[in-house]
Amino acid sequence: MTKKKRVVLLGATGSIGENALRVFAAHRDSLELVAVAARANWTKLAQIAHEFGVRRVGVFEDQAFAAAKGSGAFPAGTRLVGGLAGLVELAQLPEADTVLVAVVGTIGLEPALAALAAGKDLALANKEILVLAGKFVMAAARRHGAKLLPVDSEHNAVFQCLEGHAIDSVKRILLTASGGAFRDWPAEHLAHVTPADALKHPNWSMGPKVTVDSATLANKGLELIEAQWLFNLKPGQCDAVLHPQSIVHCLVEFNDGAMLAQLCPPSMTFPIQHALLHPERSPGVAGPLDFTKLVSLEFRPVDEGRYPMLRLARQVMEAGGIAPAAFNAANEVAVKAFLEARIPFLAISHVVEQTLAHITLFEPADLPAVIAADGESRRLAESEISNLKS
């Protein structure tokens with residue numbers, strides 16, 4: 001690599017951010033961290049700023065931003081920016097080559113679009129952005145000649161398998177799913193699971209919301225919707241399969257019946273490094289697979305009776321328009337309610353299904369229409385939660 005890639009990391013203190021920092025630390029000769037941001041954890045941002053010599057820092061929440069400004073914890077000369085406007089400013093930094101969006105939820109949408117408008121390559125680790133506004137994000141990437149580099153392990157795997165192949169040679173893609181914390185639980189026990197149970201993921205270390213989504217398979221539904229946009233596929237070309245070991249991250253089936261798979265250990269450092277260093281390959285942060293110890297690889301079909309969120313995701317893929325945004329918004333609200341012990345685990349899919357049944361579907365003409373539909377979906381979901389509790 002002839003020169004360092006200069007990267008803005010939005011979401012530096014979450015699980016993706018932590019793994020990204022491991023990649024930056026291992027590849028200081030190839031990667032330079034020029035700005036970092038987080039929702040509220042400014043003390044950790046200060047540590048990162050000192051360790052990596054970062055002089056531009058964003059803090060999203062107002063109270064945390066005020067505390068950061070008055071702390072004196074950051075290196076001399078650090079520019080601190082706050083709120084959504086601050087994230088947008090960092091996403092457009094003239095000296096940046098790539099913006100890694102790893103913030104959770106919809107707050108990453110405006111910074112992502114700002115990065116694309118500024119011609120930056122976008123390394124995307126946020127599921128909601130493409131689910132909420134896929135057609136607008138992909139149009140912006142095409143319009144400004146920017147690359148979209150998927151960071152989710154499954155999408156990054158598909159990206160790798162498709163390199164050198166025309167998309168019209170692809171019959172379908174299969175994204176693998178671990179099945180989450182309750183994959184092997186008796187179905188009758190699911191009515192009594194607790195948030196603490198749901199957060200015990202068998203393979204991955206992730207944030208609370210994503211871990212619950214893994215248990216419901218909502219995460220796989222969101223990933224199938226994302227895959228449609230990323231790889232220009234039809235709903236029927238996107239499928240999922242249970243794979244308990246989380247070693248194979250995707251399978252791509254071509255028109256001739258041949259399949260390609262991508263394998264690596266279940267560490268997010270692999271897809272993050274691939275996206276940030278692409279098209280270069282360098283030694284990895286985590287160790288490779290050891291085939292003297294790898295006993296077996298298992299695949300199972302997904303039982304959509306046990307995982308109704310995947311069934312709902314397929315329905316919204318077919319419906320199109322604002323349906324995926326409604327699915328995502330209702331799921332966010334329902335998962336938050338479950339983590340706060342306001343609804344049982346099995347009610348998550350019920351809340352989402354009822355929200356989809358009551359929202360008016362349409363094809364959005366612009367982003368404000370999508371944002372409005374997102375807000376209405378959240379209102380409907382909260383109303384359904386209130387009905388469950390009454």
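What counts as what
- Residues numbered from 1 in each chain as written.
- Predicted model: local features only at pLDDT ≥ 70, side-chain atom pairs only at ≥ 80, totals over all residues.
- Heavy atoms only, no water.
- Buried < 20%, exposed > 50% of the residue type's maximum accessible area, 1.4 Å probe, protein only.
- Helix = DSSP H or I, 4+ residues; strand = E, 2+ residues; numbered from the N terminus.
- Pairing = 2+ DSSP bridges.
- Right-handed = clockwise from strand over helix to strand, strands pointing away.
- Axes fitted to C-alpha atoms, helices over the stretch in contact; angles between N-to-C directions.
- Parallel < 35°, antiparallel > 145°, perpendicular 65-115°, else oblique.
- Left-handed = near helix turned anticlockwise from the far one by under 90°.
- Contact = heavy atoms within 4.5 Å.
- Nonpolar A, V, L, I, M, F, W, Y, C, P; charged D, E, K, R; others polar.
- Phe/Tyr/Trp six-rings, centres within 6.5 Å; stacked < 30°, edge-to-face > 60°.
- Disulfide = S-S within 2.5 Å.
- 1 Å grid on protein atoms, 1.4 Å probe; cavity = no way out; pocket = protein on both sides within 12 Å on 5 of 7 lines; lining within 4 Å.
- Points joined across faces, edges and corners; volume = space filled by probe spheres on them.
- Polar contact = N/O pair within 3.5 Å; in protein donor to acceptor, adjacent residues only side chain to side chain.
- Core = buried A, V, L, I, M, F, W, Y, C linked by side-chain atoms within 4.5 Å.

Novice: Describe the pairing of strand 5 (residues 98–101), with residues and values.
Specialist: Because side chains alternate across strand 5, one face comprises the buried residues Thr 98 and Leu 100, and the other comprises Val 99 and Val 101, equally buried. Both strand 1 (residues 5–10) and strand 5 contribute to a ladder of four bridges, which runs parallel. Bridge assignment links Leu 10 to a residue of strand 5, and that residue is Val 101. One ladder, built from four bridges, connects strand 5 with strand 6 (residues 121–124); its direction is parallel. Bridge assignment links Leu 100 to a residue of strand 6, and that residue is Ala 123. After leaving strand 5, the chain enters helix 5 (residues 109–117) and then returns to the sheet as strand 6, a path that is right-handed.

Novice: Kindly report on the packing of helix 6 (residues 127–144) against helix 10 (residues 218–231), identifying the contributing residues and their values.
Specialist: Where helix 6 meets helix 10, the axes come as close as 8 Å, and the angle between the chain directions of the two elements is 15°. Relative to helix 10, helix 6 is oriented roughly parallel. Of the two elements, helix 6 crosses helix 10, and the hand of that crossing is left-handed. On helix 10, the residues that touch Lys 127, Leu 130, Val 131, Gly 134, Lys 135 and Met 138 of helix 6 are Asn 219, Leu 222, Glu 223, Ile 225, Glu 226, Trp 229 and Leu 230. Of the residues belonging to the contact of helix 6 with helix 10, the class tally is seven nonpolar, two polar and four charged.

Novice: Lay out the packing of aromatic side chains with the relevant residues and their values.
Specialist: A complete count under the given rule lists three aromatic pairs for this structure. Ring geometry for Phe 338 versus Phe 345: centroids 5.6 Å apart, planes at 65°, classification edge-to-face. The pair formed by Phe 338 and Phe 345 is uniform in burial state, with each residue classed as buried. Members of the aromatic cluster, connected to one another through ring pairs, are Phe 182, Trp 185, Phe 338 and Phe 345.

Novice: Talk me through the state of the cysteines; I want residue IDs and the actual numbers.
Specialist: For the structure shown, the criterion picks out zero disulfides. No disulfide involves Cys 238; its nearest neighbouring cysteine sulfur is the one of Cys 250, lying 12 Å away. What makes Cys 238 buried here is its relative accessible area of 2%. With no disulfide of its own, Cys 250 lies 3.8 Å from the sulfur of Cys 161, the closest cysteine sulfur. A residue is classified by how much of its surface remains accessible, and Cys 250, at 0% relative accessible area, is buried.

Novice: Tell me what's going on with helix 11 (residues 269–277), and back it up with residues and numbers.
Specialist: The buried fraction of helix 11 is high, at eight of nine residues. Three or more residues of helix 11 are buried, namely Thr 269, Pro 271, Ile 272, Gln 273, His 274, Ala 275, Leu 276 and Leu 277.

Novice: Go over empty space enclosed by the protein with me, naming the residues and quoting the values.
Specialist: Counted by the stated rule, this structure contains one cavity of 30 Å³ or more. Here the largest cavity defines a volume of roughly 120 Å³. Taken together, Phe 182, Leu 190, Ala 215, Thr 216, Arg 306, Tyr 307, Pro 308, Met 309, Phe 345, Leu 346, Ile 348 and Ser 349 form the lining of the largest cavity. Secondary structure elements with two or more residues in the lining of the largest cavity: helix 9 (208–216), helix 12 (308–319) and helix 14 (347–358). Looking at side-chain class alone, the lining of the largest cavity contains nine nonpolar, two polar and one charged residues.

Novice: Explain the sheet that holds strand 9 (residues 238–242) to me, using residue names and the numbers behind them.
Specialist: The strand order across the open sheet built from four strands is 9-8-10-11, with neighbouring strands paired in mixed fashion. Each end of this open sheet is capped by a strand with a single partner; those strands are strand 9 and strand 11 (259–263). Neighbour to neighbour, the strand axes of the sheet diverge by 20° on average, direction disregarded. Two elements, strand 10 (residues 248–254) and strand 11, share five bridges in a ladder whose sense is antiparallel. Across the sheet, residue Leu 251 finds its bridge partner in strand 11, namely Ala 261.

Novice: Could you give an account of the side chain of Gln 273, naming the residues involved and the relevant values?
Specialist: Note on placement: Gln 273 falls in helix 11. A distance of 2.9 Å separates a polar side-chain atom of Gln 273 from the backbone oxygen of Ser 282.

Novice: Let's hear about the environment of Glu 89: which residues, and what values?
Specialist: With respect to the helices, strands and loops of the structure, Glu 89 is situated in helix 4 (residues 83–91). Dropping the residues within four chain positions of it, Glu 89 is found in contact with Arg 79 and Val 81.

Novice: With reference to specific residues and values, describe the nonpolar core.
Specialist: Formed by 136 residues in total, the largest nonpolar core has its most connected members in Leu 10, Phe 24, Leu 148 and Phe 327. Those residues within four positions of Leu 10 in sequence are excluded, and the remaining contacts are Ala 37, Leu 87, Leu 90, Ala 91, Val 99, Leu 100, Val 101, Ala 102, Val 103 and Pro 111.

Novice: Now, about the sheet that holds strand 2 (residues 31–38): what can you tell me, with residues and values included?
Specialist: Here seven strands make up an open sheet; going across it, the order is 4-3-2-1-5-6-7 and the pairing parallel. Because the sheet does not close on itself, it has two edges, and the strands there are strand 4 (79–82) and strand 7 (148–150). Sheet twist, expressed as the average angle between the axes of neighbouring strands with direction ignored, equals 20°.

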